[in-house]
Amino acid sequence: MTHNRPRRLKTLTGASSVISAGNDISPVTGIKRAVELARKAEAEKITGLFTADLLHIDPAGLAGTAGIQEPIIALAALSQVTSHIGLIATVSTTFHYPYNLARQIGTLDHASGGRAGWNAVTSSVGEENFGETLPSPEERYERAAEFIEIVNALYDANERNAAERKASGAIGIDPAKFHPINYRGKHFKVDGPLNVPPLPQGRPVQFQAGQSEAGVTVGARYAEVVYTSQPKLEDAIAFATELRRRAASFGRAGGLPFIMNSFHSVIGDSDADVARRLKEKHERIDYEQGRLKLADMLGGGLDLSELPLDKPLPETLLPEVTSINRRRGRVEIFRRYAREGLTLRQLIIQAQETGHWSVAGTPEQLADAIEERFRAGILDVLSLHGFGNSDQEDLLVNGLLPELRRRSIIDTDYVGDDFRSNLELPPYISATGSLSSAKRV
């Protein structure tokens, strides 16, 4: 990590889908659009492209487009048309296996020249596609901890010069420098060694998403960047304080893990324009569909169809968080909103942002909100929404980003050769004594 310059907020944006739709004129429309937006994000010096993922099609259409492409393959394609921007794939530790994942993300790191990251999630949907029932959150995070330990051990075990380029151009390997890990756990048995040569950046950057009790513990112990939904400043402060307290108890370095928020915004060029855009956004909401979405935010299984829109939810309808087997952190957020007296209509409006931090304002007002969290030390990585949205992209690119640069909050250029360096993560030393590439920053 560099120590001779001020800390900077790092930025991410979503990787657009490479999939073509049925009404596209050309079968390459999807990939062309994804390439255009990836290049645009890189031109704006966005630190990384982030892919969300789901492992099923939601029959109610509540989840948008997340999950209609396989993230690692999509990012491998985009790696060939970009040169600096990081590439983060969301991967389920519940329905994947660590050895395969280590090979896939390791290959992505090689293909991209050291720009891979992966976001470990435990999944709250999709079990029907794997012939399983969904384990409890505690069981899912127990498996996730083993999963991450194995992946890291596989990356760390092989020696840096285990593979070398021959004069012919072919790769030669020294099998004696590829080392087994002989991992034996409750959920996995993995001998190794990993049959991918050591990665350009040592390890891919480790993201983790989860804010239940078990999720916070896994993030505090293993993650380099924790992705969390914290719509209110006081909740964000409390979350960061507890996350870092737990991280310190595991012997983690100060400042780790970095904290990532997803920032949903409505941007206008004046207060009147903001009010107009917000009004139009609310008018587009289908409130009957919104009842279903809100029920999903509260853990599912609730019938809100007959409740009046302009009255609060009855307390008796609110589920106990521990009774929910899916996304407990999200349930806690919406329970809190309901207990504050928000009406059903207001809760449905909040559900459009799925419990994430959301602000409406001019570029300067949005920058104020971002700067408040950044200066408080509770925000290290910000996922910005707006690339590819014709209604908001211009004000994002020509309004908010320049304002954040003017305040010296975000980078004006890439600062390193790989993703780990550009995030300015601290270096680590592998089990074989090799320094990660972050040491070069």
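Definitions and limits used
- Residues numbered from 1 in each chain as written.
- Predicted model: local features only at pLDDT ≥ 70, side-chain atom pairs only at ≥ 80, totals over all residues.
- Heavy atoms only, no water.
- UniProt positions renumbered as here; feature names shortened; annotations may be inferred.
- Helix = DSSP H or I, 4+ residues; strand = E, 2+ residues; numbered from the N terminus.
- Contact = heavy atoms within 4.5 Å.
- Phe/Tyr/Trp six-rings, centres within 6.5 Å; stacked < 30°, edge-to-face > 60°.
- Buried < 20%, exposed > 50% of the residue type's maximum accessible area, 1.4 Å probe, protein only.
- Lys NZ or Arg CZ within 6 Å of the ring centre and 35° of its normal.
- Axes fitted to C-alpha atoms, helices over the stretch in contact; angles between N-to-C directions.
- Parallel < 35°, antiparallel > 145°, perpendicular 65-115°, else oblique.
- Left-handed = near helix turned anticlockwise from the far one by under 90°.
- Polar contact = N/O pair within 3.5 Å; in protein donor to acceptor, adjacent residues only side chain to side chain.
- Nonpolar A, V, L, I, M, F, W, Y, C, P; charged D, E, K, R; others polar.

1. Some thoughts on the UniProt feature "binding site: FMN" (unreviewed entry) in the protein chain
(1) Moving on: This chain's UniProt record puts "binding site: FMN" (unreviewed entry) on Asp-53, Thr-90, Tyr-141 and Ser-212.
(2) Moving on: Along the chain, Asp-53 falls in the loop between β2 (48-51) and α2 (71-79).
(3) Moving on: Not counting the four nearest positions on each side in its chain, Asp-53 is found in contact with Gly-67, Gln-69, Pro-71 and Thr-90.
(4) Moving on: With respect to the helices, strands and loops of the structure, Tyr-141 is situated in helix α4 (residues 137-157).
(5) Moving on: With sequence-adjacent residues up to four places away left out, Tyr-141 is seen in contact with Thr-122, Gln-208, Ala-209, Gly-210, Ser-212, Ala-214, Gly-215 and Val-218.

2. Concerning the packing of aromatic side chains
(1) Moving on: One pass over the structure, following the stated rule, counts eight aromatic pairs.
(2) Moving on: Aromatic side chains Phe-95 and Phe-130 sit 4.6 Å apart centroid to centroid with 10° between the ring planes, which places their arrangement in the stacked category. Here Phe-130 lies in the loop between β4 (116-121) and α4 and Phe-95 lies in the loop between β3 (86-92) and α3 (98-112), a separation of 35 residues in the sequence.
(3) Moving on: Judged by centre distance (6.2 Å) and plane angle (10°), the ring pair of Phe-207 and Phe-419 falls under stacked. Placement of the pair is Phe-207 in strand β9 (residues 205-209) and Phe-419 in helix α13 (residues 419-423), with a sequence separation of 212 residues.
(4) Moving on: Judged by its relative accessible area of 0%, Phe-207 falls in the buried class.
(5) Moving on: Taking relative accessible area as the criterion, Phe-419 reaches 0% and is therefore assigned buried.
(6) Moving on: Pairwise contacts between aromatic rings join Phe-50, Phe-207, Tyr-227 and Phe-419 into one cluster.
(7) Moving on: One residue, Arg-143, lies across the ring of Tyr-97, its end atom 5.4 Å from the ring centre.

3. Quick notes on the packing of α4 against helix α5 (residues 213-222)
(1) Moving on: The N-to-C vectors of α4 and α5 enclose an angle of 15°; their axes lie 9 Å apart at closest approach. As summarised for this structure, α4 and α5 are arranged roughly parallel, according to the angle between their axes. Viewed along their axes, α4 and α5 form a crossing whose handedness is right-handed. The segment α4 lies against α5, with Pro-137, Glu-138, Tyr-141, Ala-145, Ile-148 and Glu-149 engaging Ala-214, Gly-215, Val-218 and Tyr-222.

4. Considering the side chain of Thr-94
(1) Moving on: One can find Thr-94 in the loop between β3 and α3.
(2) Moving on: A polar contact is formed between the side chain of Thr-94 and the backbone oxygen of Thr-122, at a distance of 2.5 Å.

5. Observations concerning the packing of helix α8 (residues 287-297) against helix α10 (residues 344-351)
(1) Moving on: One can describe the packing of α8 onto α10 by two numbers: an axis separation of 9 Å at closest approach and a directional angle of 75°. The pairing of α8 with α10 is recorded here as roughly perpendicular in orientation. On α10, the residues touching Tyr-287, Gly-290, Arg-291, Lys-293, Leu-294 and Met-297 of α8 are Leu-344, Arg-345, Leu-347, Ile-348, Ile-349 and Ala-351.
(2) Moving on: Residues of the contact of α8 with α10, tallied by class, amount to eight nonpolar, one polar and three charged.

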